[in-house]
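One letter stands for each residue in the lines below.
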Amino acid sequence: MRTLLITGGSGYLGRHLCRYATNKFATHTTFLHHKTDITAGVPHRLDITDAAAVRALVRELSPTAIIHCAASNPGQDEARMLTINRDGSAAIAAAAAEIGARLVHVSTDMVHAGTNAPYPDDAPPSPITRYGESKAAAEAAIAEIYPSTAIVRTSLIYGLEEMDRGTAGFVRRLSAGETLTLFSDQIRQPVWVETLSAALLALAADFPAVRGTLNVAGEQALSRAEFGQRMLDWWGVAWREHTTFGRAADLPVPSPLDLRLDVSAAETVLGMSFPGVDAVLDNTR
Ligand SMILES: NC(=O)c1ccc[n+]([C@@H]2O[C@H](COP(=O)([O-])OP(=O)(O)OC[C@H]3O[C@@H](n4cnc5c(N)ncnc54)[C@H](OP(=O)(O)O)[C@@H]3O)[C@@H](O)[C@H]2O)c1
């Protein structure tokens, strides 16, 4: 059985990916602080900003493929974000290159400014947030160190068995008695975690020649307000009385508005379709 290393197995995407991977791979995964969040695979503690530790673990496990999910995301420590996302990803790329492991890196639609959608796979990054900058820097570092890497740009990730991070944040604020503001002018293509996981595993195992940036996101473009309502309804959360609608464009901080991605190349190459939110919900009700 081939060996797969998934970084960030204690995170939202990693938890799902590890469960699906164990059918096909001898799966190893990493955590930094939350070992008990790992749901499948052999856990290893790893700080990806420690390049020597990254190199040692990759050499020890000698995986056929690595899917790099570990990252610092919006809402987490901004001071360490660039170090974790750029330098940590560079360490993973160097270690993968050294042993010739297939590398699949998880990036984001947030590398774009949101002013020129829909974005093709090879659109150059134009980030306007600290997170977007750090993920664009990760892409650049990886492409330089290990050009055969597949770099997957994805959108808001959601699942129907475990509440996604964004919806969980809404619920926390509603529970604290706050009023939610959902933005009608931010357009995204939310991706079902099962779809994204299947695409990442296929890229890791079955399509080793795919390199460079590739968009993997749901086919349906929705505003964050539309997506938020659908998720809150799905989880049975009472939100209507405590929610207003607004425009992200009115915020004092920059925030990308339209991040639609052209996903046609990935669907063709992988022979998959990436259902949108309504199709996923309709099929699973
Ligand atoms: N969630 C989304 O909607 C979304 C959208 C687009 C792209 N993405 C990308 O998808 C990937 C997965 O996101 P996610 O939402 O699943 O993330 P998440 O739930 O925030 O999990 C982050 C993971 O990274 C690990 N980590 C953080 N700092 C680390 C470090 N210095 N060394 C080693 N591991 C570290 C965490 O470990 P511990 O918890 O154990 O500390 C955790 O396993 C990321 O690359 C993210 O940029 C996510």
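Going by the structure above, here's the rest.
The following paragraphs examine the structure supplied in this document.

**Concerning the environment of Asp37**
Then comes step 1: Considering the arrangement of structural elements, one finds Asp37 in the loop between strand 2 (26-31) and strand 3 (42-45).
Then comes step 2: Separated by 25 residues in sequence, Asp37 and Tyr12 place their C-alpha atoms 9.1 Å apart.
Then comes step 3: Beyond its immediate chain neighbours, meaning those up to four positions away, Asp37 contacts Ser10, Arg15 and Phe31.

**As for the site of the ligand**
Then comes step 1: The environment of the ligand is formed by 29 residues, the closest being Gly8, Gly11, Leu13, Leu32 and Ala71.
Then comes step 2: Listing elements by their share of the shell around the ligand, those giving two or more residues are helix 1 (12-21), strand 2, helix 3 (78-99) and strand 5 (102-108).
Then comes step 3: If you tally residues by element for the shell around the ligand, the top one is helix 1, at three residues.
Then comes step 4: When grouped by side-chain class, the residues that make up the shell around the ligand number 13 nonpolar, 13 polar and three charged.

**What to know about the nonpolar core**
Among soluble globular proteins, nonpolar side chains are generally buried collectively.
Then comes step 1: In terms of nonpolar packing, the biggest core is built from 78 residues, with Ile67, Ala96, Val104, Val152, Leu200 and Val216 touching the most fellow members.
Then comes step 2: In terms of residue count, the dominant contributor to this core is helix 3 (eight residues).
Then comes step 3: Looking at which domains feed residues into this core, each of domain 1 (3-157 + 190-215) and domain 2 (161-188 + 220-260 + 276-284) gives three or more.
Then comes step 4: For Val104, the residues in contact, after removing those within four places along its chain, are Ala65, Ile67, His68, Ala150, Val152, Leu200, Leu203 and Ala204.

**Looking at the pairing of strand 1 (residues 3-7)**
Then comes step 1: Burial runs high along strand 1: four of the five residues are buried.
Then comes step 2: Examined bridge by bridge, strand 1 and strand 2 share four bridges and lie parallel to one another. What sits directly across from Thr3, in strand 2, is Ala26.
Then comes step 3: Following the backbone out of strand 1, through helix 1 and into the adjacent parallel strand 2, one traces a crossover that is right-handed.
Then comes step 4: Both strand 1 and strand 4 (residues 65-68) contribute to a ladder of four bridges, which runs parallel. Residue pairing across strands places Ile6 opposite Ile67, the latter belonging to strand 4.

Reading guide: rules and limits
- Residues numbered from 1 in each chain as written.
- Predicted model: local features only at pLDDT ≥ 70, side-chain atom pairs only at ≥ 80, totals over all residues.
- Helix = DSSP H or I, 4+ residues; strand = E, 2+ residues; numbered from the N terminus.
- Contact = placed C-beta atoms within 7 Å.
- Near = placed C-beta within 6 Å.
- Nonpolar A, V, L, I, M, F, W, Y, C, P; charged D, E, K, R; others polar.
- Core = buried A, V, L, I, M, F, W, Y, C linked by C-beta atoms within 7 Å.
- Buried ≥ 20, exposed ≤ 12 C-beta atoms within 10 Å, placed from the backbone.
- Domains from an automatic or database assignment.
- Pairing = 2+ DSSP bridges.
- Right-handed = clockwise from strand over helix to strand, strands pointing away.

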